[in-house]
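Tertiary structure, described
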Amino acid sequence: MISLRQLSMHFKVHVKEAGFVGSLHSLFRRQYRRVVAVDDISFDIPTGEIVGFLGPNGAGKTTTLKMMSGLLHPTSGTVTVDGHTPHRRDAAFLHSITLVMGQKQQLLWDLPASDSFLVNQAYYDIPDANYRKRLGELVELLALQRVIDKPMRTLSLGERMKCELAAALLHQPKILFLDEPTIGLDITMQQNVRDFIRDYNRLHNATVVLTSHYMGDIAALVSRVIVIDNGELAFDGTLRELTQRVADRKILKLHFGTLVGRTALERFGIVERLDGHAATLRVERGSVPQIAGAILAEFPVEDIAIEDIPIEDVVSSLFAGNPPAGAAR
Ligand SMILES: Nc1ncnc2c1ncn2[C@@H]1O[C@H](COP(=O)(O)OP(=O)(O)OP(=O)(O)O)[C@@H](O)[C@H]1O
């Protein structure tokens, strides 16, 4: 179980004055600005859950992950991970977690991954038999057979990411902090990494906390999303609840018995698509029953379906800096 209580992180940032004279000034009279990266966040994550962190750039997601994995000491509040206080970084805690940062490579560039794996074996004190078994499983699951003996610098981005994941999981952590694990990967490789994370979660009942800008990762993996905006908790619930709360519109998919003109349909909502007898309309959520009724009365409708706004659209509006209205759970 991971528990955050009123967790905050403030950074003190040196403010430099502009120009040469300003730089001189700053040398003698240093001025600081406070950046509130995380502001009074509380939530619990039970063992075995996969949680997605969403929010615009600079919202505080990575800072929260760093506090949960013990890289940063919170300014105030508490975080406990399976009873450990992360920033104390005691051995039992370090053995139970892993942190993978998609933007930051941790394996040595000039060495093959197999050498870095041995370093991790020594660091985590993994007995030989266990090491060979786990490595075998990871190499198999991630299809790394032809990759691990080549120097990292000769590998593709996707191959490097898979090696990073293998190295990060050799000690079989129960808690995975994954910061943009699929960044820069092509679609097939993203899918492979996603499948792998899901399998690992099921196999080991591992808790996974994930940030990603890729909707595919979120939709495929997480049962719960936590939205952070401007350092604050903006939403905590399921993807479906998020869609319902954020989207003030719904989609009407219609199939008509005859051709229907665009202008006739525009009276009811935004026409997203009109293709022969098929049309897609975006309509106000609250007016769906009246609009559907009026369309059915006016046109020869053969089929009608009412759907939520695609989750991709919901999330891209979050990343565009329009946080969901409504209080956190
Ligand atoms: N070491 C630091 N010193 C000063 N400010 C920092 C530091 N680390 C993060 N920040 C600031 O804290 C805020 C939150 O940053 P953070 O990296 O946690 O956001 P994020 O949600 O992970 O963003 P992104 O999606 O772009 O990775 C930002 O304003 C960032 O500039």
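Bear in mind that the values here come from a model prediction, so they are computed numbers and not experimental data.

Cut-offs used in this document
- Residues numbered from 1 in each chain as written.
- Predicted model: local features only at pLDDT ≥ 70, side-chain atom pairs only at ≥ 80, totals over all residues.
- Heavy atoms only, no water.
- Axes fitted to C-alpha atoms, helices over the stretch in contact; angles between N-to-C directions.
- Helix = DSSP H or I, 4+ residues; strand = E, 2+ residues; numbered from the N terminus.
- Parallel < 35°, antiparallel > 145°, perpendicular 65-115°, else oblique.
- Left-handed = near helix turned anticlockwise from the far one by under 90°.
- Contact = heavy atoms within 4.5 Å.
- Nonpolar A, V, L, I, M, F, W, Y, C, P; charged D, E, K, R; others polar.
- pLDDT = per-residue confidence, 0-100.
- Buried < 20%, exposed > 50% of the residue type's maximum accessible area, 1.4 Å probe, protein only.
- Salt bridge = Lys/Arg side-chain N within 4 Å of Asp/Glu carboxyl O.
- Expected span 1.5 Å × (residues − 1).
- Polar contact = N/O pair within 3.5 Å; in protein donor to acceptor, adjacent residues only side chain to side chain.
- Phe/Tyr/Trp six-rings, centres within 6.5 Å; stacked < 30°, edge-to-face > 60°.
- Lys NZ or Arg CZ within 6 Å of the ring centre and 35° of its normal.

Direction vectors running N to C along helix H4 (residues 113-124) and helix H6 (residues 157-169) enclose 20 degrees, while the axes themselves pass 9 Å from each other. Between H4 and H6, the angle is such that the two are roughly parallel. Remark: the crossing between H4 and H6 carries right-handed chirality. Between H4 and H6, the contacting residues are Ala-113, Phe-117 and Asn-120 on the first element and Cys-163, Ala-166 and Ala-167 on the second. Looking at the contact of H4 with H6, its residues break down into five nonpolar, one polar and no charged.

Moving on, we come to the confidence of the model for the protein. Here the protein shows a mean pLDDT of 88. Residues at 70 or above account for 94%. Mean pLDDT values over the elements of the protein span from 68, in helix H12 (residues 311-319), up to 97, in strand E4 (residues 76-81). Confidence over residues 322-329 falls short of pLDDT 50; this stretch has 19 contacts with residues more than four positions distant or in other chains. In the predicted complex, the global pTM is 0.80; the interface-specific ipTM is 0.96.

Turning our eyes to something else, we now look at the environment of Ala-167. Following the sequence through the fold, Ala-167 ends up in helix H6. For Ala-167, a relative accessible area of 4% translates into the label buried. Residues Ala-167 and Ile-97, spaced 70 residues apart in sequence, show a C-alpha to C-alpha distance of 13 Å. Ignoring any residue separated from it by four or fewer positions in sequence, one finds Ala-167 in contact with Leu-107, Phe-117 and Asn-120.

Where charged atoms from two side chains of opposite charge approach closely, those side chains can pair. Inspection of every chain in the model, using the stated rule, returns 15 salt bridges. The partner of Asp-308 in a salt bridge is Arg-285, with the nearest N and O atoms 3.3 Å apart. You can see Asp-308 sitting in strand E13 (residues 301-308) and its partner Arg-285 sitting in the loop between strand E12 (278-284) and helix H11 (288-298), a full 23 residues away along the chain. Since its relative accessible area comes to 25%, Arg-285 is described here as partly exposed. A network of salt bridges, in which partner residues are shared, links Arg-240, Lys-250, Arg-285 and Asp-308.

With that settled, consider the packing of H4 against helix H5 (residues 128-141). Between H4 and H5, the least distance of the axes is 11 Å, while the angle of their chain directions is 140 degrees. For the element pair H4 / H5, the angle class is oblique. The crossing of H4 and H5 is right-handed. On H5, the residues touching Ser-114, Phe-117, Leu-118 and Gln-121 of H4 are Asp-128, Tyr-131 and Leu-135.

A few words now on helix H7 (residues 187-204). Its 18 residues place the ends of H7 26 Å apart at the C-alpha level, agreeing with the 26 Å of an ideal helix rising 1.5 Å per residue. Along H7, the residues classified as buried are Met-189, Gln-190, Val-193, Arg-194, Phe-196, Ile-197, Arg-198, Tyr-200, Asn-201 and His-204. On the buried face of H7, the contacting elements are strand E3 (50-54), H5, H6, strand E6 (175-179), strand E7 (207-211) and helix H8 (215-221). Capping the start of H7, Asp-186 holds a side-chain oxygen 3.2 Å from the backbone nitrogen of Thr-188, two or three residues further along. One or two steps after H7, the chain reaches Asn-205, where phi turns positive at roughly 50 degrees.

So, about the packing of aromatic side chains. Taken as a whole and judged by the stated rule, the model has five aromatic pairs. An angle of 85 degrees between the planes, with centres 5.9 Å apart, marks the rings of Phe-43 and Phe-53 as edge-to-face. You can see Phe-43 sitting in strand E2 (residues 31-45) and its partner Phe-53 sitting in strand E3, a full ten residues away along the chain. Phe-53 carries the same exposure label as Phe-43, and that label is buried. Judged by centre distance (6.2 Å) and plane angle (75 degrees), the ring pair of Phe-268 and Phe-299 falls under edge-to-face. Separated by 31 residues along the polypeptide, Phe-268 in the loop between helix H10 (262-266) and strand E11 (270-275) and Phe-299 in the loop between H11 and E13 bring together distant segments of the chain. Each of the two residues, Phe-268 as well as Phe-299, counts as buried. Among the aromatic residues, those joined into a ring-pair cluster are Phe-256, Phe-268 and Phe-299. Above the ring of Tyr-32, the side-chain terminus of Lys-12 is found at 4.5 Å from the ring centroid.

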